[in-house]
Amino acid sequence: MKNHEAETAVEAAVAEELLNAVGPAFGKLRRSSLLEVADPISPKDLSRTLVLNVVLEIAREGAREVTVGAVGSHLGVDPSVASRMVSDCISAGYLVRAASQRDGRRTVLHLSPEGEELMARFRRHQRSAYEYITADWSERDRLELARLMVKYVASQEALRQA
């Protein structure tokens, strides 16, 4: 009986250590996107993809138009920070402002053709980085991690929308 209790205590300690390592691991994920793999993304454009991805996410939801305020809300930053981030993407040619079709006094954001290309390149880069990092994993492990990451993000999104 004591062996079983000791094994259970060790398993609990290992589980606790593993779960405590998840947060720091997620923090390192985005930085690993800078790996030198095919078609690298500059650090500045990597930051811009945060904004562009949010614009795409909001547009996919379809419930509202994409505004600077919506981008700020999605990113969890105050309006002045969101405005600077969006202005940088506009200056770089990745976003365009347009008049709202619902309210002509408002402006909405859309990806420009250059922004679409950057996001396509970024997706290819992410895939290349994932394949490079997991090159020595079994195909089953690679697909399992991908499945669990997608599930995790979907659960996180569902909680955000609740």
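The model shown is predicted, which means the values in this text are computed figures rather than measured ones. (Residues numbered from 1 in each chain as written. Predicted model: local features only at pLDDT ≥ 70, side-chain atom pairs only at ≥ 80, totals over all residues. Heavy atoms only, no water.)

Caption draft 1: How the structure looks around the packing of helix α2 (residues 43-61) against helix α4 (residues 79-91). The contact between α2 and α4 brings their axes to 10 Å, and the two run at 115 degrees. Considering their axes alone, α2 and α4 lie roughly perpendicular with respect to each other. Handedness of the crossing formed by α2 with α4: left-handed. Each of K44, R48, V51 and L52 in α2 lies in contact with α4, whose residues at this interface are M85, V86, D88 and C89. Residues of the contact of α2 with α4, tallied by class, amount to five nonpolar, no polar and three charged. (Axes fitted to C-alpha atoms, helices over the stretch in contact; angles between N-to-C directions. Helix = DSSP H or I, 4+ residues; strand = E, 2+ residues; numbered from the N terminus. Parallel < 35°, antiparallel > 145°, perpendicular 65-115°, else oblique. Left-handed = near helix turned anticlockwise from the far one by under 90°. Contact = heavy atoms within 4.5 Å. Nonpolar A, V, L, I, M, F, W, Y, C, P; charged D, E, K, R; others polar.)

Caption draft 2: Structural context of the nonpolar core. Among the nonpolar cores identified, the biggest contains 21 residues, and V51, L52, V55, V71, V86 and L95 are the most heavily contacted of them. Mapped by element, the contributors of at least two residues to this core are α2, α3 (68-75), α4, β2 (107-111) and α5 (113-133). In this view, V55 contacts V66, V71, L95, L109 and L111; residues no more than four positions away in its chain are not counted. (Core = buried A, V, L, I, M, F, W, Y, C linked by side-chain atoms within 4.5 Å. Buried < 20%, exposed > 50% of the residue type's maximum accessible area, 1.4 Å probe, protein only.)

Caption draft 3: Layout of the packing of α3 against α4. At a closest axis distance of 8 Å, the pairing of α3 and α4 adopts a crossing angle of 110 degrees. One element, α3, and the other, α4, form an angle in the roughly perpendicular class. The element α3 and its partner α4 pack so that their crossing is right-handed. On the side of α3, the interface is formed by V68, V71, G72 and L75, while α4 contributes P79, A82, S83, M85 and V86.

Caption draft 4: Molecular detail of the pattern of salt bridges. On inspection of all chains with the given rule, the structure shows eight salt bridges. A salt bridge links E65 to R106, with the shortest nitrogen-to-oxygen separation between them at 3.3 Å. Here E65 is found in the loop between α2 and α3, whereas its partner R106 is found in the loop between β1 (95-99) and β2, with 41 residues between them in sequence. Its relative accessible area of 13% is what places E65 among the buried residues. For R106, a relative accessible area of 36% corresponds to the partly exposed category. Its salt-bridge partner being R127, residue E131 comes within 2.6 Å of it at the nearest N-O pair. Residue E131 and its partner R127 are both found in helix α5; the two are separated by four residues, about one turn of the helix. Looking at E131, the relative accessible area reads 33%, which means it is partly exposed. Since its relative accessible area comes to 57%, R127 is described here as exposed. Connected through salt bridges with shared partners, the residues K44, D45, R48 and D88 form a single ionic network. (Salt bridge = Lys/Arg side-chain N within 4 Å of Asp/Glu carboxyl O.)

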